[in-house]
Amino acid sequence: MKTLKYMSMVLAAAFLMMSCEKHVIEFDARPASDVALVQFHNEIPVPTGTAYNFLKIELNGVDVTHGNKVTLSSWNTIPTALGRYYSTNTGPATIKLYQGTSFNLVYEQTVTLKAGKQGLLLYDYNQPPLVVTEPDNFITDRSTFDTDTVEYVRFFNLMREAPGVESGLLLQYQYQYTLHPLYTLEDEQKGLIPEGKNVGDATGDATKSPWLNLGAPVAFGENTGWQLVPVKKTSYVSQGSARVDYRIKVTQGGEVGTTMTAGDNLLICYDRDANRIVNGYTDYWTGTIGRRYYHFFSGYRTVTPGVDIVQFTEK
C-alpha cells in the first residue's frame, strides 16, 4: 500500500509539473500589408447561363471556389460579400478560369499583384485582367446634410465596339437626382412648409437636378476615381436611399447619328437589358447613404449581347 501511495504522489507531482509548462500559441496569419487582397469582376460580355459561368477559379494554383461551392457568373463579382477579398502572394500571379459543368479551361493569364486591395477586371478571354487598386482618389470626408447625405460612385469604361475591338470613344458619365423630396429644417426656418406638413414629410415635388458630370470623360480601360453623388433620401428617419439616374454622353470620336444622337450626343448602342439598339444609353440605380459603388460599363456597342452597367457595392 505504501508503494502504491508513493507512486500516486510521484505521478501527481509529474502531472503538476507538466501543467505548469508554457505552451506557445502560434497564429497562422500574415499582416494584410504583406499580401495581395483580390476580387474578381467578370465583365466578359457573354450571355447569362450555366454554360458561361466559371465554376472553378485557380489563383496561383489555389482553387478559390472550393470545389464548385462558389460560382462566378457573367456580369458578376466574387467574393460577393461586402468588403471580402481573396488573399495571395504579391508579384506575378497565374489565373485559370474553368467554364461550365465540364470544367473546361478557357482562360489562363498572368498578372502582377501588389500588396493591398485590388480588383481584377476580366473583360476578354484572351487578355490579362485590368487591375484596379484601392484606395485610389479615395474620399474620406463624410459630408452630411439635413435630409440627405452622399454616396460615392466610380465609373469604369470597358466598352468595346465588337469582340477584340476596343472603342475609341471618350465617354462622359452623368447623373441626375431629385432636388427636394422631403421638407427640411431649412424649409421650416424659412417658413416654406405648408400648413399640415412637417419636417420629413414628402413634398410631392419631383423636380430633378440638371445632368451633372461624374468626373472627367474616360477612355477604354479608364475610370473616374471616386466621385461624390448626393442621395436625397425619401424616408426622413432612416439611413436612407434614393433613386439616382445616369446617362452616357460621347465627348470625342464617332459621328452624329452613328454613335451619338443628334440631341445631347448620347451614346447609341445595343442595350443588353432592352435587347435592342437604343438612341441614348440611360439607366438608374438606388443609392444608399454612405455606400461606395463601382459602376462597370462593359460589353460590345454594336453586337449582342450588347452593353450594360453593373453596380457593385465596394464598401
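Residues numbered from 1 in each chain as written. Predicted model: local features only at pLDDT ≥ 70, side-chain atom pairs only at ≥ 80, totals over all residues. Heavy atoms only, no water.

Would you explain the side chain of Glu43 in this entry?
In this fold, Glu43 is placed in the loop between β1 (36–42) and β2 (54–59). Look at Glu43: it is buried, it has no salt bridge, and the nearest opposite charge is Arg272 at 7.7 Å. Sequence-distant contacts of Glu43, that is, excluding residues within four places in its chain, are made with Trp75, Leu122, Tyr123, Leu158, Phe296, Ser298 and Val310. (Helix = DSSP H or I, 4+ residues; strand = E, 2+ residues; numbered from the N terminus. Buried < 20%, exposed > 50% of the residue type's maximum accessible area, 1.4 Å probe, protein only. Lys, Arg positive; Asp, Glu negative; His and termini not counted. Salt bridge = Lys/Arg side-chain N within 4 Å of Asp/Glu carboxyl O. Contact = heavy atoms within 4.5 Å.)

Honestly, the pattern of salt bridges in this entry has me stumped. Any pointers?
Oppositely charged side chains can pair when the atoms bearing their charge come close. If you walk through the whole model with that rule in mind, you get eight salt bridges. Close ionic contact of Lys208 with Asp245 constitutes a salt bridge, the shortest N to O distance being 2.4 Å. Here Asp245 lies in strand β15 (residues 241–252) and Lys208 lies in the loop between α2 (185–189) and β13 (212–213), a separation of 37 residues in the sequence.

Just checking my understanding: could you explain the nonpolar core for this structure?
Soluble globular proteins tend to pack their nonpolar side chains together in the buried interior. Among the nonpolar cores identified, the biggest contains 23 residues, and Ile248, Leu267 and Phe297 are the most heavily contacted of them. Elements that contribute at least two residues to this core include exactly β10 (148–162), β12 (170–177), β15 and β20 (307–313). Setting aside chain neighbours within four positions, we find Phe297 in contact with Phe155, Phe156, Asn157, Leu158, Met159, Leu171, Ile248, Leu267, Tyr281, Val307, Asp308 and Ile309. With 20 residues, the next largest nonpolar core counts Phe54, Ile57, Val64 and Leu72 among its residues. (Core = buried A, V, L, I, M, F, W, Y, C linked by side-chain atoms within 4.5 Å.)

Help me understand the sheet that holds strand β3 (residues 62–63), please; the structure alone is not making it clear to me.
Paired through backbone hydrogen bonds, the strands of a sheet run either parallel or antiparallel to each other. Strand order in the open sheet made by the four strands is β3-β2-β6-β7, with antiparallel pairing throughout. In this open sheet, the two strands that pair with only one neighbour each are β3 and β7 (104–113). In this structure, strand β6 (residues 91–99) lies alongside β7, joined through nine bridges in antiparallel fashion. Within the sheet, the bridge partner assigned to Pro92 lies in β7 and is Thr112. (Pairing = 2+ DSSP bridges.)

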